[in-house]
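Report on the structure
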Amino acid sequence: MNSSHTQYISARDMGVYEPINQLSMFADFDENGWPDTSPSLLVEVDTKLDNQSEDTSHETAGDSIKYEETNKRVDKVLRRLAQNREAARKSRLRKKAYVQQLESSRLKLMQLEQELDRSRHQGTYIGGAIDSGPPGCSATMNSGIASFVLEYGNWVEKQDRQICELRNAINADLPDEKLRVLVNDGMAHYSDLFRMKAKAAKADVFYLMSGMWKTSAERFLLWIGGFRPSELLKVLLPHLDLLEQQCSDVYNLIQSCQQAEDAISQGMDKLQQSLVDAVAAGLLGGGSYIPQVANAVEKLKPLVSFIDQADHIRKEILQQMYRTLTTRQAARGLLALGEYFQRLRSLSSLWATRPREPA
Amino acid sequence: MEKISRLVSENGVVIFSKSTCCLCYAVNILFQELTVRPVVYAIDKDPEGREMEKALFRLGCSAPAVPAVFIGGKLVGSTNEVMSLHLSGSLVTLIKPYQGLLSN
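To start, this report covers the structure provided alongside it. (Residues numbered from 1 in each chain as written. Chains lettered and ligands numbered in written order. Predicted model: local features only at pLDDT ≥ 70, side-chain atom pairs only at ≥ 80, totals over all residues. Heavy atoms only, no water.)

Notes on the overall build of chain B
If you tally the helices and strands in chain B, you get 5 helices and 4 strands. The helix and strand sequence of chain B, counted from the amino end, reads α-β-α-β-α-β-β-α-α. Within chain B, buried positions represent 47% of all 104 residues. Summarising the internal contacts of chain B: among those between residues at least 6 apart in sequence, 63% fall at separations of at least 24. For chain B, the accessible area works out to roughly 5100 Å², and carbon and sulfur atoms hold 52% of it. (Helix = DSSP H or I, 4+ residues; strand = E, 2+ residues; numbered from the N terminus. Buried < 20%, exposed > 50% of the residue type's maximum accessible area, 1.4 Å probe, protein only. Contact = heavy atoms within 4.5 Å. Areas by Shrake-Rupley, 256 points an atom, 1.4 Å probe, with all protein chains shown as cover.)

Observations concerning the interface of chain B and chain A
Listed as interface residues are 17 residues of chain B and, on the opposing side, 20 residues of chain A. Note on chain B versus chain A: buried area summed over both sides is about 1700 Å², and carbon and sulfur give 69% of it. On the surface where chain B and chain A come into contact, there are 4 residue pairs in polar contact (both at pLDDT 80 or more). The set of elements that each furnish at least two residues to the side of chain B that touches chain A consists of helix 2 (22-33) and helix 4 (79-87) of chain B. At 7 residues, helix 2 of chain B tops the list of elements feeding residues into the side of chain B that touches chain A. For the side of chain B that touches chain A, the per-class residue count stands at 9 nonpolar, 7 polar and 1 charged. (Buried area = accessible area lost by both parts, 1.4 Å probe. Polar contact = N/O pair within 3.5 Å; in protein donor to acceptor, adjacent residues only side chain to side chain. Nonpolar A, V, L, I, M, F, W, Y, C, P; charged D, E, K, R; others polar.)

Section: the pairing of strand 1 (residues 13-17) of chain B
Residue and element names in this part refer to chain B. Here strand 1 lies mainly inside the structure; 5 of its 5 residues are buried. For strand 1 and strand 3 (residues 68-71), the ladder comprises 4 bridges, and the chain directions are antiparallel. In the strand pairing of strand 3, Phe16 is matched with Ala68. One ladder, built from 4 bridges, connects strand 1 with strand 2 (residues 39-42); its direction is parallel. Paired with Phe16 across the bridge in strand 2 is Tyr41. At this point the chain moves from strand 1, through helix 2, to the parallel strand 2, and the crossover so formed is right-handed. (Pairing = 2+ DSSP bridges. Right-handed = clockwise from strand over helix to strand, strands pointing away.)

Observations concerning the packing of aromatic side chains
Residues and elements named next belong to chain A. For the coordinates displayed, the defined rule picks out 10 aromatic pairs over all chains. Arranged with centres 5.7 Å apart and planes meeting at 45°, the rings of Phe227 and Phe341 form a pair that is tilted. You can see Phe227 sitting in the loop between helix 8 (216-220) and helix 9 (229-236) and its partner Phe341 sitting in helix 13 (residues 327-352), a full 114 residues away along the chain. The same class applies to Phe227 as to Phe341, namely buried. Linked through ring pairs, Phe148, Tyr152, Trp155, Tyr190, Tyr207 and Trp213 together constitute an aromatic cluster. Positioned over the ring face of Phe227 is Arg314, at 5.5 Å from the centre of the ring. Here the guanidinium or amino end of Arg354 rests over the ring plane of Trp351, the centre of that ring lying 3.5 Å away. (Phe/Tyr/Trp six-rings, centres within 6.5 Å; stacked < 30°, edge-to-face > 60°. Lys NZ or Arg CZ within 6 Å of the ring centre and 35° of its normal.)

What follows is the structure, given as structure tokens:
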């Protein structure tokens, strides 16, 4: 017989059930802090065995009785071992479930704190972000969206800081190399936003389409889950101080942007129409609508591609402007853009806190 | 694939689409806006549609296979590529020979 610990490993490996060695394994088994009652059992069994070996002169019948009793004791121990293993397993599962629950509660708490913070700053209650289900339904938000909302909050804060830096740099008339760094940072920051949005679209495309993470004025001006690209260019134009050779490029960009936007908008209209047709198909009022609704699910699937396309257009026009403009122009452009969105956010809170007429 | 090669060589601008695909519709609208009349071939209406889709994948289209846009016999790409080309001003150059025509 090998030493106890190696025997333990090989018994497990081979799935061989060796009672005596299970006993020594049990003595080491205190993983979940179960009271270790084995020593007394061990002693008991050992005593029995010792007694047995001493009683060599007993009759065969007596021997077999003693053997049976020993067996019963061993069985009891084995049963206890199995029960302990099961209880330990259940305990581990319960612990795991509890930890998971804690983690998701923590995430929700962070998100709520963030919202509260922003609400204090903006004076608006961004209630919609917490529960995108029907009122009264306490549906927990999809965790992909919850983390998106958190990340977006951070994104806006970082955006505000970058805008400040840009403003200071331009006013201080910093050289181009310094401005270029800030411009690149600004562009990278927008890339981050599009990356976040792409992830969120996969988590819940309807949430993205609703623009619920934005303030109310921004939502009013929403186009397929974000800002309207052509509007952006029109906002920028007066602040750019274009050189003659740049004019035709920029005007061409404005025109192609408008055309791309129109094409996607019309595609979107078609999508909406096909959805309406699918949902309303067959007899309304008949009471059974599972096939129509199932069919409508298919119609919704391209929605993610549309948001993709809309964001693709937004990204492309930013890139095109970056390529066409000088560093100084790009810096001014990013500043103008940033401040435009800040004003929209500010408008949203001003509107929300305006004095109401008495009812 | 024979059918695809024939279609793209005989027509200036070809869009392979599916009748239910709204992005295909959007791309067509864009070309129309640029006074081009693309040949729109709905592969889901063709009995060999499956084969055509596989052939498009082999030619380099990634899922979804449609819209697959060919200009002057060459594969340009899907919606992404068409939009990028248009916003960078390069699309008009590619479609110039086919603009303003009543049919390809």
